[in-house]
Amino acid sequence: MAQRPILEYPDPRLRMRADLVTVFDASVAELVDDLLEALYATRAIGLSAPQVNDRRRVLVADLSGDGSAPRVYVNPEILSSTMPGIVEESCLSVPGVVGNVVRSTRVRVRALDRFGQPFERDLEGMDAVCLQHEMDHLEGKLFVDRLSPIRRLLFRAAGKSRRRAV
Ligand code: NI
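Presented here is an overview of the structure given in this document. (Residues numbered from 1 in each chain as written. Predicted model: local features only at pLDDT ≥ 70, side-chain atom pairs only at ≥ 80, totals over all residues. Heavy atoms only, no water.)

With that out of the way, let us pick up the sheet that holds strand S3 (residues 71-91). Pairing within the open sheet is antiparallel, and its five strands lie in the order S1-S2-S3-S4-S5. The sheet terminates laterally at strand S1 (46-48) and strand S5 (118-124), the two strands that pair on one side only. Strand-to-strand twist in this sheet, taken as the mean axis angle between neighbours without regard to direction, amounts to 40°. Alignment of S3 against strand S4 (residues 94-112), held across 13 bridges, turns out to be antiparallel. If you follow Glu 89 over to S4, its bridge partner there is Gly 99. Each of S1, strand S2 (58-61) and S3 is contacted by helix H1 (residues 26-42), which is oriented at about 40° to S2, the strand it contacts most. (Pairing = 2+ DSSP bridges. Helix = DSSP H or I, 4+ residues; strand = E, 2+ residues; numbered from the N terminus. Axes fitted to C-alpha atoms, helices over the stretch in contact; angles between N-to-C directions. Contact = heavy atoms within 4.5 Å.)

It is worth spelling out the pairing of S4 at this point. Linking S3 back to S4 in an antiparallel pair, the connection comprises two residues. Where S4 meets S5, seven bridges bridge the pair, whose relative direction is antiparallel. Looking at the pairing, Leu 112 lines up with Pro 118 of S5. Connecting S4 to the antiparallel partner S5 that follows it, the hairpin turn spans five residues, and Gly 116 within it adopts a positive phi of roughly 90°.

Moving on to the packing of aromatic side chains. Counted according to the given criterion, the structure contains two aromatic pairs. Taking the centre distance of 5.8 Å and the plane angle of 45° together, the rings of Tyr 73 and Phe 119 count as tilted. Taken together, the positions of Tyr 73 in strand S3 and Phe 119 in strand S5 put the pair 46 residues apart, joining distant regions of the chain. Using a relative accessible area of 17% as the deciding quantity, one classes Phe 119 as buried. (Phe/Tyr/Trp six-rings, centres within 6.5 Å; stacked < 30°, edge-to-face > 60°. Buried < 20%, exposed > 50% of the residue type's maximum accessible area, 1.4 Å probe, protein only.)

In a perfect tetrahedron of four donors around a metal, the angles come out at 109.5 degrees. In a perfect octahedron of six, they are 90 or 180 degrees. Protein-derived ligands of the nickel ion are Cys 91 (SG), His 133 (NE2) and His 137 (NE2), with the metal-ligand distances lying across 2.1 to 2.2 Å. Mapped onto the polypeptide sequence, the residues donating to the nickel ion form the spacing pattern C-x41-H-x3-H. Placement of Cys 91 in strand S3 and of His 137 in helix H2 (residues 125-138) is noted, with a sequence separation of 46 residues between them. For the pair formed by Cys 91 and His 137, the shared burial category is buried. (Donors = N, O, S within 2.8 Å, 3.2 Å for Na, K, Ca; no water.)

Turning our eyes to something else, we now look at the environment of Val 144. Here Val 144 shows up in the loop between H2 and helix H3 (149-165). Sequence spacing of Val 144 and Val 129 is 15 residues, and the spatial spacing of their C-alpha atoms is 14 Å.

With the rule as written, the count across this model stands at 15 salt bridges. Put simply, Glu 89 and Arg 103 hold a salt bridge, and the shortest N to O gap is 2.7 Å. In this pair, Glu 89 sits in strand S3 while Arg 103 sits in strand S4, placing the two residues 14 residues apart along the sequence. As far as the burial class goes, Glu 89 and Arg 103 line up, both buried. Among the ionic pairs, Arg 106 bridges to Glu 124, the shortest N-O distance being 3.9 Å. Remark: Glu 124 occurs in strand S5 and Arg 106 occurs in strand S4; sequence separation between them is 18 residues. Judged by its relative accessible area of 40%, Arg 106 falls in the partly exposed class. Taking relative accessible area as the criterion, Glu 124 reaches 52% and is therefore assigned exposed. A network of salt bridges, in which partner residues are shared, links Arg 4, Asp 34, Asp 54 and Arg 56. (Salt bridge = Lys/Arg side-chain N within 4 Å of Asp/Glu carboxyl O.)

As a further point, take the state of the cysteines. The full count for this structure, using the stated rule, is zero disulfides. Cys 130 carries a free sulfur, and the closest cysteine sulfur to it, the one in Cys 91, is 10 Å from it. Judged by relative accessible area, which is 3%, Cys 130 ranks as buried. (Disulfide = S-S within 2.5 Å.)

As far as function goes, none of this settles anything; it's purely spatial.
So this is what it looks like as structure tokens:
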């Protein structure tokens, strides 16, 4: 399938809460494949279904750098999170913006795989951070919502001047 376009801020579809996956049919497999294809095409480390305009609770990640460790999470839930740290993030849906946010650097997650089989996994460091960033997308949240108030003001001001410029 042709690569699905990635929605960009301030598209209101990025602000909708995604729905639980209850049926594991061919369309789930297709969505997972499309997300992985887009992930590798854009050289991102994580991508969520809402970013390609699909309102299901599905996300993918691969932090290997060489496409060797695709991870699929359907209906993910964080069971525990510890070790908060400040990390620099960016997002395909908010091009050109980089900012520091507070995230847990250790999480335990429960999710279903692409076939609907449950699993639990412990994640650390960027694996944990990436999962939380992508899970935010499932809630209609963007990392810029988590910037400090002053950074958020600067981000909004930059957005206004961008809009004036075009
Ligand atoms: Ni993102």
